[in-house]
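# Breakdown of the fold
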Amino acid sequence: MKKILYLTYDGLTDPLGQSQILPYIIGLSQQYSFFVISFEKKLRFQENKEYIEGICKQNDITWIPLSYTKKPPVLSTIFDIFKLNKVVKKLLKTEKIELIHCRSYITSLVGLGIKKKRNIRFVFDMRGFWPEERVDGNIWNLKNPIYKTVYNYFKKKEKSFLSNSDSIISLTEKAKSEILKLHPTLIEEKIVVIPCATDFIKFSPENVVSSSQIRKKLNISEQSFVLTYLGSLGTWYLLDEMISFFKQLHKKYPEAIFLFISPEPFEQIINIAKKHNVDKNLIRHSFVKHDEIPQYLSITNMGIMFIKPSYSKMSSSPTKFAEFLAMNIPVICNDIGDLAKHTNQIPGCYCISSFSDEIFTDIINKLNLKQNYNSEIREKAKEIYNLPLAVDTYFKVYKKVLNENQ
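Reference entry: report on the structure contained in this document. (Residues numbered from 1 in each chain as written. Predicted model: local features only at pLDDT ≥ 70, side-chain atom pairs only at ≥ 80, totals over all residues. Heavy atoms only, no water.)

### Quick word on the sheet that holds strand β5 (residues 121-127)
Backbone-to-backbone hydrogen bonds pair the strands of a sheet. The strands run either parallel or antiparallel. Pairing within the open sheet is parallel, and its 7 strands lie in the order β3-β2-β1-β4-β5-β6-β7. With one partner strand each, in any of the chains shown, β3 (62-67) and β7 (191-193) form the two edges of the open sheet. Neighbour to neighbour, the strand axes of the sheet diverge by 20° on average, direction disregarded. As paired elements, strand β1 (residues 3-8) and strand β2 (residues 33-40) share 6 bridges and run parallel to each other. Across the sheet, residue leucine 5 finds its bridge partner in β2, namely phenylalanine 35. Together, β5 and β6 (167-170) form the strand contacts of helix α7 (residues 145-164), whose direction differs from that of β5 by roughly 130°. (Pairing = 2+ DSSP bridges. Helix = DSSP H or I, 4+ residues; strand = E, 2+ residues; numbered from the N terminus. Axes fitted to C-alpha atoms, helices over the stretch in contact; angles between N-to-C directions. Contact = heavy atoms within 4.5 Å.)

### Focus on the pairing of strand β12 (residues 331-334)
Burial along β12 is two-sided: Val331 and Cys333 and Ile332 and Asn334, pointing in opposite directions, are all buried. Two elements, strand β11 (residues 302-305) and β12, share 3 bridges in a ladder whose sense is parallel. Bridge pairing in β12 links methionine 305 to cysteine 333. A crossover links β11 with its parallel partner β12, the connecting element being helix α13 (residues 319-326), and its sense is right-handed. Pairing between β12 and strand β13 (residues 350-352): 3 bridges, direction parallel. Across the sheet, isoleucine 332 pairs through a bridge with tyrosine 350, a residue of β13. (Buried < 20%, exposed > 50% of the residue type's maximum accessible area, 1.4 Å probe, protein only. Right-handed = clockwise from strand over helix to strand, strands pointing away.)

Dropping the structure here:
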């Protein structure tokens, strides 16, 4: 089998690594031999190391974990790039790597260098507009000359990644159109859109053991309408606006409960609820392992995800959206990435362009709590977000880049 080197600055022991990196590699490892280099956070590595090692061994994946350096800003990343470059060069001395797959910008600095020196095929798995995400997320303040310099550096490198890569992966059609508008000399076929997929076998209502037990554990009655937010909140998710929506929902449905399946501190959520005069007794919070999420989603009547609208978010494809839909749960979201287009294709979902009590009330009045979607939501979502579909598209990218279609 041909050997692929997969570089990611995210950890395989992270929730993201377990949902958006490993499942793809496992699928692709049926036809290719994988070497994966990732950067692991200390606590998650200690907690999940044996579990990930077992999965990699089972699928004949060679995993080379490196330690992620957090501080100081900028210098820590430079140090990590140095470590990665050193390990990659050592690996290339013993293994005949035919393709380097780089997830996002940091690892692409190494991938591009190898491409230029050794002419090894290079896939730029762009994901999104990373420099803009850092600015829009208030991580890089461009008034600071250091961050301004770093931003300009990565924008220059972005152009080089796009022009020198053998294939480019984008998460959305909107982002693809923007890339082509900014770089008109790029060949359109070089950019392949693969939204964040999910495992519809793992996330399936049929695999739920007992939703009643989960309700009992969280002190939620069988009659309660459960609105759920899934995942970390970070810098992007609009907690104030989501609490405001719940406040309107509770006016019409006094039995409604807002459940957060999230690693964020419960206190942070409660403080925002208090600000909006929402009783803390209406909020539930739990943080569970990724494998347990389907069981907790089974009690959900509707998912919610409001994301800070910004330029960079046109390239966003939230994993939580696909996970809700796989569990046959309708979702209310706002217009980022391709969500407006996709919600039009999926029953029970709503995509809003602005946040106001009037818009929230209008949607709440449209809700039919007794409606049984059977498997309609799930089946429609499968056409867009099913993991085998994404893996198959990656297969096609690899085969084309490696000239295996001839």
